[in-house]
Amino acid sequence: MSKHFITLNVNGEEHDIVVASNKTLLEVLREQLNMPETKYGCGTGECGACTVLLEGDVAVNSCLTLAATMDGRHITTAAGLQKNGELHPVQQAFIDHAAVQCGYCTPGMVVKSVSLLAKNPTPTEAEIREGLEGSICRCTGYVKIAEAVDAASKIMAR
């Protein structure tokens with residue numbers, strides 16, 4: 001198995017690490033960099049629990065992304081969204097609108113919402129629901145999640 005020396009910028013911090021060719025970004029984040037907020041769900045890119053931001057606004061399934069291909073890239077996890085100790089407006093809206101149940105899908109759902117709002121700052125409810133496709137929540141039924149994303153879009157538009 002070949003190994004690769006890569007540099008990842010995760011949540012604003014550079015990490016020089018050695019990764020095996022077959023390791024996913026999810027595995028490296030969780031196992032090598034001790035960032036458990038990025039969840040392992042299905043391992044096939046179907047559930048969205050492992051979603052992270054690439055280069056600030058592109059949502060990617062880290063379970064499908066080989067870490068060795070991420071050399072020099074900027075990755076943001078849900079934990080990296082807060083700035084100066086303050087939650088990102090999407091994170092706060094999820095709390096304020098009770099869009100968090102068991103919490104397992106929440107990090108990926110929040111990250112995907114941030115990506116959606118970066119591309120479409122004022123989405124309709126239908127656009128929110130479409131933008132969150134591929135992120136599965138078994139607890140909330142998505143109503144509160146859609147409400148939280150809508151509320152965050154209004155706060156961020158100010």
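Everything quoted here is computed from the prediction, not taken from an experiment. (Residues numbered from 1 in each chain as written. Predicted model: local features only at pLDDT ≥ 70, side-chain atom pairs only at ≥ 80, totals over all residues. Heavy atoms only, no water.)

Engineer: Describe the overall build of the chain, with residues and values.
Structural biologist: The number of helices and strands found in the chain is 5 helices and 5 strands. Sequence-ordered secondary structure for the chain, helices as α and strands as β, is β-β-α-β-β-β-α-α-α-α. Expected size for 158 residues packed as a compact globule is a radius of gyration near 15 Å; at 15 Å, the chain falls within 12% of this value. Taking the principal axes of its C-alpha atoms as reference, the chain extends roughly 45 × 30 × 25 Å. Within the structure as shown, the chain displays about 8,000 Å² of accessible surface, and the carbon and sulfur contribution to it stands at 50%. In the chain, the 13 positive side-chain charges and the 18 negative ones have mean positions that sit 4 Å from each other. (Helix = DSSP H or I, 4+ residues; strand = E, 2+ residues; numbered from the N terminus. Rg over C-alpha atoms; globule rule 2.2 N^0.38 Å. Areas by Shrake-Rupley, 256 points an atom, 1.4 Å probe, with all protein chains shown as cover. Lys, Arg positive; Asp, Glu negative; His and termini not counted. Charge placed at Lys NZ, Arg CZ, Asp CG, Glu CD.)

Engineer: Any chance you could break down the sheet that holds strand 5 (residues 74–76) for me, citing the residues and the numbers?
Structural biologist: Taken together, the 5 strands give an open sheet; going across it, the order is 2-1-5-3-4, and neighbouring strands pair in mixed fashion. Here the strands that pair on one side only, and so sit at the sheet edges, are strand 2 (13–20) and strand 4 (58–61). The sheet shows a mean angle of 40° between the axes of neighbouring strands, taken without regard to direction. Pairing analysis gives 8 bridges linking strand 1 (residues 3–10) to strand 2, with the strands arranged antiparallel. Across the sheet, the residue bridging to Thr-7 is Asp-16, located in strand 2. (Pairing = 2+ DSSP bridges. Axes fitted to C-alpha atoms, helices over the stretch in contact; angles between N-to-C directions.)

Engineer: Now, about the state of the cysteines: what can you tell me, with residues and values included?
Structural biologist: Under the defined criterion, the tally for this structure stands at 0 disulfides. Cys-63 takes part in no disulfide bond, and the closest cysteine sulfur to it belongs to Cys-50, at a distance of 3.6 Å. (Disulfide = S-S within 2.5 Å.)

Engineer: Would you mind going over the layout of surface pockets in detail, with residue names and values included?
Structural biologist: Its boundaries defined by the atoms lining it, the largest pocket holds a volume of some 180 Å³. Residue lining of the largest pocket: 17 residues in total, with Tyr-104, Cys-105, Ile-136, Cys-137 and Arg-138 positioned closest to the centre. (1 Å grid on protein atoms, 1.4 Å probe; cavity = no way out; pocket = protein on both sides within 12 Å on 5 of 7 lines; lining within 4 Å. Points joined across faces, edges and corners; volume = space filled by probe spheres on them.)

Engineer: Quick rundown of the pairing of strand 1? Include the residues and the values.
Structural biologist: What sits between the antiparallel neighbours strand 1 and strand 2 is a turn of 2 residues, in which Asn-11 has the positive phi angle 55°. Pairing analysis gives 2 bridges linking strand 1 to strand 5, with the strands arranged parallel. Within the sheet, the bridge partner assigned to Asn-9 lies in strand 5 and is His-74.

Engineer: Residue-level account of the pairing of strand 3 (residues 51–54), with values.
Structural biologist: For a regular strand, side-chain orientation follows a simple rule: the groups alternate between the two sheet faces. Neither face of strand 3 is exposed, since Thr-51 and Leu-53 on one face and Val-52 and Leu-54 on the opposite face are all buried. The sheet contact formed by strand 3 and strand 4 spans 4 bridges and is antiparallel. In the strand pairing of strand 4, Thr-51 is matched with Asn-61. Counting the residues between successive antiparallel strands, the hairpin from strand 3 to strand 4 contains 3 residues, one of them, Glu-55, with a positive phi of roughly 55°. As paired elements, strand 3 and strand 5 share 2 bridges and run antiparallel to each other. In the sheet register, Leu-54 faces strand 5, and the bridge partner there is Ile-75. (Buried < 20%, exposed > 50% of the residue type's maximum accessible area, 1.4 Å probe, protein only.)

Engineer: Go over the pattern of salt bridges with me, naming the residues and quoting the values.
Structural biologist: This structure, assessed with the given rule, holds 4 salt bridges. The salt bridge partner of Glu-55 is Arg-73, with a shortest N-O separation of 2.8 Å. With a gap of 18 residues between them, Glu-55 in the loop between strand 3 and strand 4 and Arg-73 in the loop between strand 4 and strand 5 connect regions that are remote in the sequence. For Glu-55, a relative accessible area of 37% corresponds to the partly exposed category. We classify Arg-73 as partly exposed; its relative accessible area is 28%. (Salt bridge = Lys/Arg side-chain N within 4 Å of Asp/Glu carboxyl O.)

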